[in-house]
Amino acid sequence: MASMRPGRSCPRHYRYSPAVFSRAADLKAQSLYIVGGLYGNPFALEAVLDLARRENATLVFNGDFNWFDVDPAEFERVNETVLDHGALRGNVETEIAGEDSGAGCGCAYPEWVGDAEVERSNEILRRLRGTASAYPELRERLAVLPMHLVAEVGGLRIGIVHGDAESLAGWQFSQETLREHPERARALLAGSGVDVFACTHTCLPVMQDFATPRGTALIVNNGAAGMPNFRDTHFGLATRIASTPSAQALYGVRLGAAVVEAVPVRYDYEAWMARFDRVWPAGSAAALSYRKRIASGPGYAVEQAVRTGAFSRAA
Ligand SMILES: [Fe+2]
């Protein structure tokens, strides 16, 4: 790597080969929720546990379940709860589990994200690292989490990642790159032997289908489970993959014998706003970067996220 700019770079140990997904499934489920970007929202965590409990579903938290949880008791509770389930480490967990590597937040932000926002992310990470330093056992448990899993649901092979098929913090599966350079994702799907990549990390959701030599394949990015993903909304999103559709799904597709859906994570919005404002008051790094989105969602619409023209909508 030519230069190491905190928050911009992708550390070498974040990388893996798309060939790692050509392996026997690590887990099989009838119904699977993939929960990326909880960002330390304890109310979203409650909502997700509730969703899974209702249908006895398997949960996989695919990273960045920490972010705003700099309060020690909250940090402990979020991690103890998440680590009872399947989990991957995101860049946030990787950075707080290890010593300061100079990668900042490890987000590997692309050029369309401004410098001030990157610096604020590095500042949030510094505070979270301070909180985590009091929990060496939790840090050890985070450090040994995998960077990817292979799941099987209804005959579908699913690669679960935080970023993309090559890096924990990769942006190839961001809605921006999927729109501008879909050929990259298509090549990664074709080379990995999975039917679906379920990812998060890049903050906005997208579900996009691809024709590959093996048949139709899908990238599903849940955006954030712990923050709103669409304009004027107050819910997070999780990815659900199951043999039967959910009545809750916002959008989804059928792929072979399974459905892949985006399910709202309807958490206690008022309680979360109050908690956020207490921990991250006006003027703080997180308030400047995220409060507007947490209060009323990003400038993004469901129609922009759904790119599955080859299918009919499941919901
Ligand atoms: Fe991330």
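Above: the structure in question.
Residues numbered from 1 in each chain as written. Predicted model: local features only at pLDDT ≥ 70, side-chain atom pairs only at ≥ 80, totals over all residues. Heavy atoms only, no water.

S.K.: Talk me through empty space enclosed by the protein; I want residue IDs and the actual numbers.
M.R.: Summed over the entire model, instances satisfying the criterion amount to 2 cavities of 30 Å³ or more. Computed from the structure, the largest cavity encloses a volume of approximately 90 Å³. By residue class, the composition of the lining of the largest cavity is 8 nonpolar, 2 polar and 1 charged. Considering only enclosed or pocket space, the second largest cavity measures out at about 40 Å³ in volume. (1 Å grid on protein atoms, 1.4 Å probe; cavity = no way out; pocket = protein on both sides within 12 Å on 5 of 7 lines; lining within 4 Å. Points joined across faces, edges and corners; volume = space filled by probe spheres on them. Nonpolar A, V, L, I, M, F, W, Y, C, P; charged D, E, K, R; others polar.)

S.K.: Give me the lowdown on the coordination of the iron ion, citing residues and values where you can.
M.R.: Around the iron ion, the protein contributes the donor atoms Asp64 (OD), Asn91 (OD1), His162 (NE2) and His201 (ND1), at 2.1 to 2.2 Å from the metal centre. With 4 donor atoms in place around the iron ion and angles of 87 to 163° between them, the coordination shape is irregular. Each donor residue of the iron ion belongs to the same chain, and together they define the spacing D-x26-N-x70-H-x38-H. Remark: His201 occurs in the loop between β7 (196-199) and β8 (205-212) and His162 occurs in the loop between β6 (156-161) and α6 (175-180); sequence separation between them is 39 residues. A residue is classified by how much of its surface remains accessible, and His201, at 4% relative accessible area, is buried. (Donors = N, O, S within 2.8 Å, 3.2 Å for Na, K, Ca; no water. Tetrahedral: all angles 85-135°; square planar, octahedral: opposite > 155°, others 65-115°. Helix = DSSP H or I, 4+ residues; strand = E, 2+ residues; numbered from the N terminus. Buried < 20%, exposed > 50% of the residue type's maximum accessible area, 1.4 Å probe, protein only.)

S.K.: Could you give me a rundown of the nonpolar core, with the residues and numbers involved?
M.R.: With 116 residues, the main nonpolar core has Phe61, Phe68 and Ile158 as its most contacted residues. At 8 residues, the largest contribution of residues to this core is made by helix α1 (residues 42-54). When sequence neighbours within four positions are dropped, the list of residues in contact with Ile158 reads Ile34, Leu149, Val150, Ala151, Val153, Val194, Val196, Ala198 and Ile241. (Core = buried A, V, L, I, M, F, W, Y, C linked by side-chain atoms within 4.5 Å. Contact = heavy atoms within 4.5 Å.)

S.K.: Pulling in residues and values, what's your account of α1?
M.R.: If you check α1, its first and last C-alpha atoms are 19 Å apart, about what 13 residues at 1.5 Å a residue would give, namely 18 Å. When we look at burial in α1, the residues that qualify are Pro42, Phe43, Ala44, Leu45, Ala47, Val48, Leu49, Leu51 and Ala52. Buried-residue contacts for α1 involve β2 (31-35), β3 (58-62), α2 (72-82), β12 (258-265) and α8 (269-279). The residue sitting at the N-terminus of α1 and contributing the capping side-chain oxygen is Asn41; that oxygen lies 2.9 Å from the backbone nitrogen of Phe43. One or two residues past the end of α1 sits Asn56, with phi positive at roughly 55°. (Expected span 1.5 Å × (residues − 1). Polar contact = N/O pair within 3.5 Å; in protein donor to acceptor, adjacent residues only side chain to side chain.)

S.K.: Provide a residue-level description of unusual backbone geometry, including the pertinent values.
M.R.: A positive phi angle is found at Asn56, which is not glycine, with a value near 55°. Assignment of secondary structure puts Asn56 in the loop between α1 and β3. The phi dihedral of Cys203 is positive, around 80°, even though this residue is not glycine. In this fold, Cys203 is placed in the loop between β7 and β8.

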